[in-house]
Number of protein chains: 2
Amino acid sequence: MPSAAGLAAINQWVDANSDRLREELFALLRIPSVSTLPEHKDDVVRAANYVADALETAGLENVEIIPTERHPLIYADWLHAPGKPTILCYGHYDVQPPDPLDLWETPPFEPTVRNGNIYARGAVDDKGQMYTHIKACEALRALHGTFPVNLKFLIEGEEEIGGASIAKYVPEHKEKLRADVALVSDTALYAEGIPTLCIGLRGLVYMEVEAAGPARDLHSGLYGGAAPNAIFGLVELLAKAKNSDGVVQIPGFYSDVKEPASAELESWESLPFNAGEYLANEVGSTAITGEPGRTVFEKTWSRPTLEVHGIAGGFTGAGSKTVIPAKALAKVSFRLVPDQDPEKIIAAFRTWIKSNTPAGIQAEVRVLGAGPGLLVNPDHPAISVAADVFSESLGRKTVFTRSGGSIPIVGDFARHLGIPTILMGFGLPDDGLHSPNEKFKLANYYQGIATVAYFLERYGG
Amino acid sequence: MPSAAGLAAINQWVDANSDRLREELFALLRIPSVSTLPEHKDDVVRAANYVADALETAGLENVEIIPTERHPLIYADWLHAPGKPTILCYGHYDVQPPDPLDLWETPPFEPTVRNGNIYARGAVDDKGQMYTHIKACEALRALHGTFPVNLKFLIEGEEEIGGASIAKYVPEHKEKLRADVALVSDTALYAEGIPTLCIGLRGLVYMEVEAAGPARDLHSGLYGGAAPNAIFGLVELLAKAKNSDGVVQIPGFYSDVKEPASAELESWESLPFNAGEYLANEVGSTAITGEPGRTVFEKTWSRPTLEVHGIAGGFTGAGSKTVIPAKALAKVSFRLVPDQDPEKIIAAFRTWIKSNTPAGIQAEVRVLGAGPGLLVNPDHPAISVAADVFSESLGRKTVFTRSGGSIPIVGDFARHLGIPTILMGFGLPDDGLHSPNEKFKLANYYQGIATVAYFLERYGG
C-alpha cells in the first residue's frame, strides 16, 4: 500500500500540470455534445470517445463504451485494493443546447478564459466537474503508482434529456456496479470558498402540453369572438395551474410534501444570504417571487413547483398576421421534493387538465421524463470523510445544503445499489448553468481535482 | 355615350375570354408578394408592376407606381365621362405569409384549380378580387370602346401589414382622389349564391406584448420557485385580459360599444345559419366559444374582442431543456366595433398592463397598427344600385351584412374623402383567408368580373 501523499503534494502536482489539465478539458469542451438535438449525435459519440481515452490514460481498466438506444454510457474500473472501499464515480458528458446563441460573449464551444473563468457550454455542467474525477485519479496514479481505493466509473451522455439509458442500465447491472458510495460532482459550492455537501435534490417531471383549437388557422376578423383560440386555451390552462402567488393548483399536489426538520431549517438560516445580491446578481430581476411566507431556501430546496420552459404557437415572425391559431405547445415541468411520487403527480395533472381544458380546446399531455426527489443521511461515514476533506481543502467548515435541481441517477443509486451519494460540487451559484455564458472558475477546477484526489486518499485509509 | 351592353353581353364576353382571364390572374398569384417579410420586398415590387401593366392594358390612363416608405401604391384613372359619377376602385396586391407551409396541398404560389377552385395564397384575399375590377374595365372597353363612368384606381401593397402608406397618401391627395363612391371587393358572399353587400367592418389594434423576467435564462431547478418566469408572466397577463367566457377585462373596453338597431338584428336572424355546419366546416372545432347570450353574428360582427395570434419564448426545440425563460413575446389584437376609439382602447390597455403586470416582470406594449370600425348607410344611391345589380347578376335578393374583419381604408375614405364604400365581395366563407389552402371559386371570379362591369354600366346610367 502506498503512503498517503497528503493535500500539499496533491496540490503541488496539480500546479505543475495546470496548463495541460486546462487544455485537455478545453478539447472536451470544444465537442458540441448536445444530447437533445439529433444533429449532434456524432458529436456526442466523439465526446464519449474522448472521455473513454482519458479514463484509460488515468490508469483505469476495463474501459467500455456501452451502446444504448440513444447515447453511449462509459464504464471503467480499477479493483486492485482488496479490503478497501469501492467508490462509484458518476458524471455526464452531454450538455444543454447553447441557444440563444446571440447572448454568448464568446462562442459556446470555443472555451475561453476571462477573469479567471472558463466560459463554455458544459464548463461546469458537467464536463469540467466530471473531468475532476478522472484527473484526480491521474494525480493519485502519478503520486503513488496505484490507487488507494477501488474505483468504478459510470459516465452518461443523456443527463440533460432525462437519462433513460442509465436508468435502465443501473438496475440491470447491480453486481457490476456494486460500491460503498457514489461520488457525483454536478452541484455548486453554497458560495465562493464555502465547502458544501449537498444532501437533498428535487425530482423532475418534464412534459409537453399541446393545445388544439380550430382545425386550421382562422382569420381573426371573421371568426374572432366565436372560435376557440389554441394559444388562449393553453394560456388559460397554464395560468390556472399555478396561481399568481406561485402556489400550484392541482388537487393533491402538496399532499406528500414534508417540511424539513427544524434543525435543517435552522442551519439554512445560518447560511450567508443577501436577498438584494441574490436578486441582482443571480436572478437579475426586480422581485423574488413564489410562495408567500417561505424563504428562498425553502422555495428552491424543499418546496415543489411548476415552471414553463418554452411556449410556441401561431405567427411570431416580423410584423403582423391576424390568425386565430390552430395549435400551441408548452414545455412545462414540476420540480418535486422527497416523498412526492412522480407517477401520482403525473396522474393528478392529467386528471386536472381533463377537467380544466376550456371549451373548444383539446389538450394533450406528453411526459418526456420523470424522477423523484431524495435526501441523503449526513452521518454516513463516507459523507463525514468528505466533509472533513472538503473543510481541509478549502480551509473552512463544510456546510450541508440541498439543491433545487434534479440528478435522477442519485435516486437510482439509492434504490438499486443501496448506496448513498456524495454530492461534492465545485461550481458557483452564478455559473449560469443552462444559460448563455456558462462558466466554471478555473481555480475551482483545479481545487476540484485536488479535493477529489485527497478524498479518495483519505477514504482509502 | 355608348349604349348599355347589358348583363348577358358582359357574361358572354367573360365566357369567351375565360381561359385568358384565368391565366392572367395565375401569373399575378405566382408572385409571392408577402408584404410583412423583408425578403419578399422585390416580389412586392414585381406584383405592383404587373398590376400597373394590367391597368394600362384595360384602358386606364395616368398609371403611376408611387414609391412609399415601404411598398408602392398604384394609381390610375380615366376621366372622360363628364356629368357621370366617379368611382374609386380600391384593392390590394400584397398577401399574408403562407406558413405553415406543410399544410398546403399544393404550393401557395403555384396556383392550381381543383374542384372548381383556384388554390393559392392571395387567390381571394385580395389579388383575385382586386383583379375583377381591372378585368371588368377591360370588358366594358371591349364592348363599348369606352367607359360609362369616370374611374380612379388606388391599389396598395401594405394591406396585410396595416396600410401605413395609403393611410398617409389619402389625406394628402384629397383632390386627386375625389370620387362619389369607393368600390372594394375584399369580402365574401354570406353564403354560396347569396349576393351580399357588407355595410359594417370591425376596426383593429394590432400589438406586440413582450414580457421580461430574469436578466438571463435561469436553471429551473436551482431557481424554480423563487425567480420570476417571463412566460408565466405573459401567460398570467393574457389569461387575465380576457376571461374564460371571452369577455375582455380591460376597464372601459365596452363603454362605447353600441348594440345594432333591432331591424339589423332581425335581418341577421333571417339569414340562413346552421350552427353545426359552421362549427364543423368553418371553425373545425368542438364548440363555438365567446360571450354568453350572443349570437355568432353579434360575436363576430357587432362585438369587439381580443385575440392572441402568436406566442414565443424559451426553449421549444425537440426534447427537454429546463430553463426559466428571460423573455416571452405575444402578438395580440383587439377587433373594435364602430364608435370605439382605437387610441382610447390602446391607452386603456397600457394602463391595465401597468397595473396588472406580475411581480418581477416587465411588460412592454408595442402598437403595430390601429384603425376604427365603421358602418355604411344602406340607403345611399350607389349602394342601392349595387344591391339591384348584384341581385340581378346572381338571381337572388341581395342581403346586407357586416364583416368581423378590418379594412382600414374604408374608414379613411369616409373620413378624408367623405364618401361611402360599396363592399361588394365575391369570396365564400370557407375560402381560408390567411390560412393554408386559401381558395377562390373560379366561377365567382368570373361572376365578379361580370357583376362589377354591370354595376359600372348601370351606375353610369
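Residues numbered from 1 in each chain as written. Chains lettered and ligands numbered in written order. Predicted model: local features only at pLDDT ≥ 70, side-chain atom pairs only at ≥ 80, totals over all residues.

## As for the overall build of chain A
And step 1. The helix and strand tally for chain A stands at 14 helices and 18 strands.
And step 2. Rg of the C-alpha trace for chain A: 23 Å, near the compact-globule value of 23 Å for 461 residues, within the 12% margin.
And step 3. When the backbone C-alpha atoms are referred to their principal axes, chain A occupies close to 80 × 50 × 45 Å.
And step 4. Burial status across chain A gives 58% buried among its 461 residues.
And step 5. Restricting the contact set of chain A to residue pairs at least 6 apart, pairs at least 24 apart contribute 79%. (Helix = DSSP H or I, 4+ residues; strand = E, 2+ residues; numbered from the N terminus. Rg over C-alpha atoms; globule rule 2.2 N^0.38 Å. Buried ≥ 20, exposed ≤ 12 C-beta atoms within 10 Å, placed from the backbone. Contact = placed C-beta atoms within 7 Å.)

## Observations concerning the interface of chain A and chain B
And step 1. Contacts between the two partners involve 86 residues from chain A and, on the opposite side, 86 residues from chain B.
And step 2. At the level of secondary structure, the elements contributing two or more residues to the side of chain A that touches chain B comprise β10 (218–219), α6 (220–223), α7 (230–241), α10 (296–302), β11 (305–314), β12 (323–324), β13 (327–336) and β14 (362–371) of chain A.
And step 3. Considering each element in turn, the side of chain A that touches chain B owes the most residues, 9 residues, to β11 of chain A.
And step 4. Taken together, the residues that form the side of chain A that touches chain B break down as 38 nonpolar, 38 polar and 10 charged.
And step 5. Relative to strand β11 (residues 305–314) of chain B, β11 of chain A is paired through 5 bridges, and the arrangement is antiparallel. Across the sheet, the residue bridging to Gly314 of chain A is Gly310 of chain B, located in β11 of chain B. (Nonpolar A, V, L, I, M, F, W, Y, C, P; charged D, E, K, R; others polar. Pairing = 2+ DSSP bridges.)

## Focus: the domain arrangement of chain A
All names here are of chain A.
And step 1. Domain boundaries assigned for chain A yield domain 1 (6–201 + 373–459) and domain 2 (203–257 + 304–371).
And step 2. Each of domain 1 and domain 2 has a C-alpha centre, and the two are 35 Å apart.
And step 3. Elements represented by at least two residues in the side of domain 1 that touches domain 2 include exactly β15 (374–375) and α13 (408–417).
And step 4. Split into classes, the residues belonging to the side of domain 1 that touches domain 2 amount to 3 nonpolar, 6 polar and no charged. (Domains from an automatic or database assignment.)

## A few points about the sheet that holds strand β18 (residues 439–441) of chain B
Note: strands within a sheet are paired through backbone hydrogen bonds, in either parallel or antiparallel orientation.
Residues and elements named next belong to chain B.
And step 1. Pairing in this open sheet of 3 strands is antiparallel, and the strands run β4-β5-β18 from one edge to the other. Across the chains shown, the open sheet's two edge strands, defined by having one partner strand only, are β4 (112–114) and β18. Sheet twist, expressed as the mean angle between neighbouring strand axes with direction ignored, is 30°.
And step 2. Where strand β5 (residues 117–119) meets β18, 3 bridges bridge the pair, whose relative direction is antiparallel. The residue of β18 that forms the bridge with Ile118 is Phe440.
And step 3. Most of the contacts of helix α14 (residues 442–459) go to β18, to which it runs at about 65°, and overall it touches β4, β5 and β18. (Axes fitted to C-alpha atoms, helices over the stretch in contact; angles between N-to-C directions.)

## What to know about helix α3 (residues 41–58) of chain A
Residue and element names in this part refer to chain A.
And step 1. For α3, which comprises 18 residues, the first-to-last C-alpha distance of 26 Å matches the rise-based estimate of 26 Å (1.5 Å per residue) to within 8%.
And step 2. All buried positions along α3 are accounted for by Val44, Ala47, Ala48, Val51, Ala52, Ala54, Leu55 and Ala58. The buried side chains of α3 occupy one side of the element, clustering within an arc of 160° when seen end-on. Opposite the buried face of α3, by more than 90 degrees, sit the exposed residues Asp42 and Asp53.
And step 3. Close packing links the buried residues of α3 with α2 (18–29), β1 (61–66), β2 (73–78), α4 (123–144) and β6 (150–156).
And step 4. Looking one or two residues beyond α3, the residue adopting positive phi is Gly59, at roughly 105°. (Expected span 1.5 Å × (residues − 1). Arc of directions from axis to C-beta.)

## A closer look at the environment of Ala212 of chain B
Residue and element names in this part refer to chain B.
And step 1. Looking at the secondary structure, you find Ala212 in strand β9 (residues 203–212).
And step 2. Take Ala212: there are 22 C-beta atoms within 10 Å of it, and that puts it in the buried class.
And step 3. Measuring from C-alpha to C-alpha, the distance between Ala212 and Ala230 comes to 5.2 Å, with 18 residues separating the pair along the chain.
And step 4. Among residues more than four places away in sequence, those in contact with Ala212 are Ala230, Ala326, Lys327, Ile361 and Gln362.

## Section: the pairing of strand β9 (residues 203–212) of chain A
All names here are of chain A.
And step 1. Burial within β9 is extensive, with 8 of its 10 residues counted as buried.
And step 2. The pairing of β9 with β13 spans 10 bridges and is antiparallel. Residue Val205 lies in a different strand from β13, and its bridge partner there is Phe334.
And step 3. Pairing analysis gives 9 bridges linking β9 to β14, with the strands arranged antiparallel. When the bridges of β14 are listed, Tyr206 appears paired with Gly369.

## Looking at the relation of the copies chain A and chain B
And step 1. Mapping chain A onto chain B calls for a rotation angle of 180° and an axial translation of 0.0 Å; the resulting RMSD is 0.1 Å. Both copies of the chain, as the preceding transformation shows, are related through a two-fold rotation axis. (Least-squares fit on C-alpha atoms with pLDDT ≥ 70 in both.)

## Here's the deal with the packing of helix α1 (residues 6–16) of chain A against helix α14 (residues 442–459) of chain A
Helix-helix packing is characterised by the crossing angle of the two axes and by the distance between the axes.
Residues and elements named next belong to chain A.
And step 1. At their nearest, the axes of α1 and α14 sit 9 Å apart, and the two run at 140° to each other. Along this stretch, α1 crosses α14, giving a crossing that reads as right-handed. Seen from α1, the contacting residues are Leu7, Ile10, Asn11 and Val14; seen from α14, they are Tyr446, Ile449, Ala450, Ala453 and Tyr454.
And step 2. When the residues that make up the contact of α1 with α14 are grouped by side-chain class, the tally is 8 nonpolar, 1 polar and no charged. (Left-handed = near helix turned anticlockwise from the far one by under 90°.)

## Observations concerning the environment of Glu175 of chain B
And step 1. Tracing the backbone through its elements, the reader meets Glu175 of chain B in the loop between α5 (164–172) and β7 (181–184).
And step 2. What makes Glu175 of chain B exposed here is the crowd of 6 C-beta atoms within 10 Å.

## Here's the deal with the nonpolar core
Note on soluble globular proteins: their nonpolar side chains tend to be buried together.
And step 1. With 101 residues, the main nonpolar core has Phe153, Leu197, Ala386, Ile449 and Ala453 of chain A as its most contacted residues.
And step 2. In terms of residues, this core owes the most to one element, α14 of chain A, which gives 10 residues.
And step 3. Look past the residues within four positions of Ile449 of chain A in its chain and what remains in contact with it is Val14, Leu21, Thr132, Lys135, Ala136 and Ala139 of chain A.
And step 4. Counting 100 residues, the second largest nonpolar core, distinct from the first, contains Leu60, Ile74, Trp78 and Ile118 of chain B. (Core = buried A, V, L, I, M, F, W, Y, C linked by C-beta atoms within 7 Å.)

## Digging into the sheet that holds β9 of chain B
And step 1. Spatial ordering of the open sheet is given by β14(A)-β9(A)-β13(A)-β11(A)-β11(B)-β13(B)-β9(B)-β14(B), a layout of 8 strands whose pairing is antiparallel. Only two strands of the sheet have a single neighbouring strand rather than two, namely β14 of chain A together with β14 (362–371) of chain B. Geometrically, the sheet is characterised by an average inter-axis angle of 25° between neighbouring strands, direction not taken into account.
And step 2. Bridge count for β11 of chain B against strand β13 (residues 327–336) of chain B is 8 bridges, and the pairing is antiparallel. Pairing of Gly313 of chain B across the sheet is with Ala328 of chain B, part of β13 of chain B.
And step 3. Of the strands in this sheet, β9, β11, β13 and β14 of chain A together with β11 of chain B are in contact with α7 of chain A, which crosses β9 of chain A at around 150°.
And step 4. Across the sheet, helix α7 (residues 230–241) of chain B is in contact with β11 of chain A together with β9, β11, β13 and β14 of chain B; its angle to β9 of chain B comes to roughly 150°.

## A look at unusual backbone geometry
And step 1. A cis geometry characterises the amide bond from Asp99 of chain A onward to Pro100 of chain A, with omega recorded as 0°.
And step 2. Looking at the element boundaries, Pro100 of chain A is found in the loop between β3 (86–92) and β4 (112–114).
And step 3. For Asn437 of chain A, which is not glycine, the phi torsion reads 60° and is therefore positive.
And step 4. Along the chain, the position of Asn437 of chain A falls in the loop between β17 (421–424) and β18 (439–441).
And step 5. A residue is classified by how many C-beta atoms lie within 10 Å of it, and Asn437 of chain A, with 18 of them, is partly exposed.
And step 6. In this structure, Asp339 of chain B takes a positive phi of about 85° despite not being glycine.
And step 7. Structurally, the position occupied by Asp339 of chain B is in the loop between β13 and α11 (342–356).

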